[in-house]
Each structure stands twice: as structure tokens, then as C-alpha cells.
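# Secondary and tertiary structure notes
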Amino acid sequence: MATTDEEILRASETPGAPPGADPDACYARHVTPAIIETVTEQVLVQPPQIDVSGAVTYPAVYRTETRQEIVRERKELWFETLCREEWTPDFIASVQRALAARDLYHGQAHGRMDQGTRRAIRAYQLEQGVDSDVLSLAAARQLGLKEVPREE
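Conventions and cut-offs
- Residues numbered from 1 in each chain as written.
- Predicted model: local features only at pLDDT ≥ 70, side-chain atom pairs only at ≥ 80, totals over all residues.
- Heavy atoms only, no water.
- Core = buried A, V, L, I, M, F, W, Y, C linked by side-chain atoms within 4.5 Å.
- Buried < 20%, exposed > 50% of the residue type's maximum accessible area, 1.4 Å probe, protein only.
- Helix = DSSP H or I, 4+ residues; strand = E, 2+ residues; numbered from the N terminus.
- Salt bridge = Lys/Arg side-chain N within 4 Å of Asp/Glu carboxyl O.
- Phe/Tyr/Trp six-rings, centres within 6.5 Å; stacked < 30°, edge-to-face > 60°.

## Section: the nonpolar core
Counting 24 residues, the largest nonpolar core has W87, L99 and L135 as the members making the most contacts within it. Taken together, the elements giving at least two residues each to this core come down to strand 2 (26-32), helix 1 (89-101), helix 2 (115-126) and helix 3 (137-142). Membership of the second largest hydrophobic core comes to 5 residues, among which are A11, A25, Y27 and W78.

In C-alpha cells, the structure reads:
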């Protein structure tokens, strides 16, 4: 099998599947975690006291405030992918050859889902805005590995 059971989910078996999803279709989910930053600021509590000659008679008083700020919100992306049974060694080898033709995969087309294959899939899909190493159905179609449905 190409991926772990947690990565590819059939819509009918998945409580959190995208609304309106075809129950027989398979989906992958990619979660981009939120980025939270701790921000520390010095806040002026009391301004300095200055006499008529311009000399500081009492320095300014500051307090340190620390808070957490969300820099990037958490994102959850669902996309249609091939079902587990379609991830045969022959199909994976075809993916490897297609990615090698685009100079993204630099290994042997051995039909096993390894780190090099996953890196190449991620690199290819980033151009479409999908930051995942699970091949989307749209990317498989663009690579010429999966049929494109006819317009009726």
C-alpha cells in the first residue's frame, strides 16, 4: 500500500468528510497547524516628569505585557485522491516515472512509496496549492495517470 490508512479516507467511512462528498470517493486531509507567536511589549504606564530646565526628575514607568498572537490560522484542506486499492506498485512506478520526466523525482521507478517519491509529489503539488505528499486526483490527472471525466 502506498500510504497509511490515516491518510486516505473513503468519504462514507469518514465522519468529518467534506460536505457533499461522493460517498464512494476517497479523500486525503492535510492540516497546516496554526503559528502562534509570543509577543512581549513595554507599555508606558506613567510618562517621565521633566522640570523647567529640561532635566528628568522622575523616569518614565513601563510595564511588560506578554501575549500570544496567532500569526497564521490553522487550515484544513480536504482533496480527492485515489483509493487505497488503486495504489499498486505499477501505479506508484508510473507516478515515479511521470515525476522523473518533470525532473522532480531522481530515484529508480521501483513501485514503492518512499521518501523521495513523497518529496517529489509534494513539490509537484505545491504549484497547485496543495502542500501534501499524498497525490491528489487532480494531480494524477495532470500527470496523465488517471482518466479525465468527459464533459457531457
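## So, the pattern of salt bridges
This model, assessed by the stated rule, comprises 9 salt bridges. Across the pair R67 and E69 runs a salt bridge whose closest N-O atoms are separated by 3.1 Å. Residue E69 is classed as partly exposed on the basis of its relative accessible area of 34%. A salt bridge links E86 to K146, with the nearest nitrogen and oxygen atoms 2.6 Å apart. One end of the pair, E86, is in the loop between strand 7 (75-81) and helix 1; the other, K146, is in the segment after helix 3, and 60 residues separate them in sequence. Look at the salt bridges and you will find they share partners, linking R29, R74 and E76 into a network.

## Details of the packing of aromatic side chains
Across all of its chains, the model carries 1 aromatic pair by this definition. Centroid distance W87 to F91: 5.4 Å. Interplanar angle 85°. Geometry classified as edge-to-face. Take W87 and F91: they sit in the same class, and that class is buried.

It is worth stressing that arrangement in space is one thing and function is another; only the former is reported here.
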